[in-house]
Amino acid sequence: GDENGPLILFIHGWPDTSYGWRHQLQYFANAGFHAVAPDQRGYGGSESPEDWREYNVFSVASDNLAVASYLGYDSFYLVGHDWGAWLTWIMALLYGPTVIPAFACLSVPWPASRRGIGMLKSLK
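Residues numbered from 1 in each chain as written. Predicted model: local features only at pLDDT ≥ 70, side-chain atom pairs only at ≥ 80, totals over all residues. Heavy atoms only, no water.

Novice: Lay out the overall build of the chain with the relevant residues and their values.
Specialist: A tally of regular secondary structure across the chain gives four helices and four strands. With 124 residues in all, the chain has 34% of them scored as buried. Restricting the contact set of the chain to residue pairs at least 6 apart, pairs at least 24 apart contribute 66%. (Helix = DSSP H or I, 4+ residues; strand = E, 2+ residues; numbered from the N terminus. Buried < 20%, exposed > 50% of the residue type's maximum accessible area, 1.4 Å probe, protein only. Contact = heavy atoms within 4.5 Å.)

The structure is reproduced here in structure tokens:
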């Protein structure tokens, strides 16, 4: 994609890898974005820490922030699917609109929208 265009990170879910975003990467690259889909911690070709505590949401969110920083960006757009959508919600809350001006979550609604419903009813 355009390495000078705005950065858009695509965050995959479980048990996927970045390969699942291949069509979207091409589309957004053609539209002028610097489109990137990193393998999340422990997936695909990424590092896999042995200690399970290294897979906490703060560490994984920090990994994605580090990818953006490494690429030279202070802010970026974010798209997440499945588990990646949950991470996208968390990252938007942690870093705010200065870092993530816009985001999209696919297949996972805002967690508070199901508050008080109960898990079984929310799955219907």
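Novice: Mind laying out the environment of Trp86, listing which residues take part and the relevant values?
Specialist: Inspection of the secondary structure puts Trp86 in helix H3 (residues 83-99). Residue Trp86 is classed as partly exposed on the basis of its relative accessible area of 35%.

Novice: Can you tell me about the packing of aromatic side chains, naming the residues and giving the values?
Specialist: All chains considered together, the criterion is met by seven aromatic pairs. Here the aromatic rings of Phe28 and Phe33 are separated by 5.6 Å at their centres, their planes lie at 75°, and the arrangement is edge-to-face. Measuring from centroid to centroid gives 5.4 Å for Trp89 and Phe103, while their planes differ by 80°, and the two rings are edge-to-face. Here Trp89, found in helix H3, pairs with Phe103, found in strand S4 (residues 103-106); they are 14 residues apart in sequence, far enough to count as distant. Given the relative accessible area of 36%, Phe103 is considered partly exposed. (Phe/Tyr/Trp six-rings, centres within 6.5 Å; stacked < 30°, edge-to-face > 60°.)

Novice: Provide a residue-level description of the pairing of strand S1 (residues 7-11), including the pertinent values.
Specialist: Most of S1 is tucked away, with five of its five residues classed as buried. Relative to strand S2 (residues 34-36), S1 runs parallel, the two sharing three bridges. Counted as the bridge partner of Leu7 is His34 from S2. Bridge count for S1 against strand S3 (residues 77-81) is four bridges, and the pairing is parallel. (Pairing = 2+ DSSP bridges.)

Novice: Talk me through the layout of surface pockets; I want residue IDs and the actual numbers.
Specialist: Approximately 220 Å³ is the volume found for the largest pocket. Lining the largest pocket, in full, are Pro38, Asp39, Gln40, Arg41, Ser46, Glu47, Pro49, Asp63, Asn64, Ala66 and Val67. (1 Å grid on protein atoms, 1.4 Å probe; cavity = no way out; pocket = protein on both sides within 12 Å on 5 of 7 lines; lining within 4 Å. Points joined across faces, edges and corners; volume = space filled by probe spheres on them.)

Novice: Run through the sheet that holds S4, naming residues and quoting values.
Specialist: Strand order in this open sheet of four strands is S2-S1-S3-S4, and the pairing throughout is parallel. One side of each edge strand has no neighbouring strand; the edge strands of this open sheet are S2 and S4. Between one strand axis and the next, the sheet turns through 10° on average, direction left out of account. (Axes fitted to C-alpha atoms, helices over the stretch in contact; angles between N-to-C directions.)

Novice: Give me the lowdown on the side chain of Ser18, citing residues and values where you can.
Specialist: Tracing the backbone through its elements, the reader meets Ser18 in the loop between S1 and helix H1 (22-30). What Ser18 contacts, discounting residues up to four positions off in sequence, is His12, Ala37, Pro38 and Asp39.

Novice: Lay out the pairing of S3 in plain terms, naming residues and giving numbers.
Specialist: Relative to S4, S3 runs parallel, the two sharing four bridges. Pairing of His81 across the sheet is with Leu106, part of S4. Taking the sense of rotation as the criterion, the β-α-β connection linking S3, H3 and S4 turns out right-handed. (Right-handed = clockwise from strand over helix to strand, strands pointing away.)

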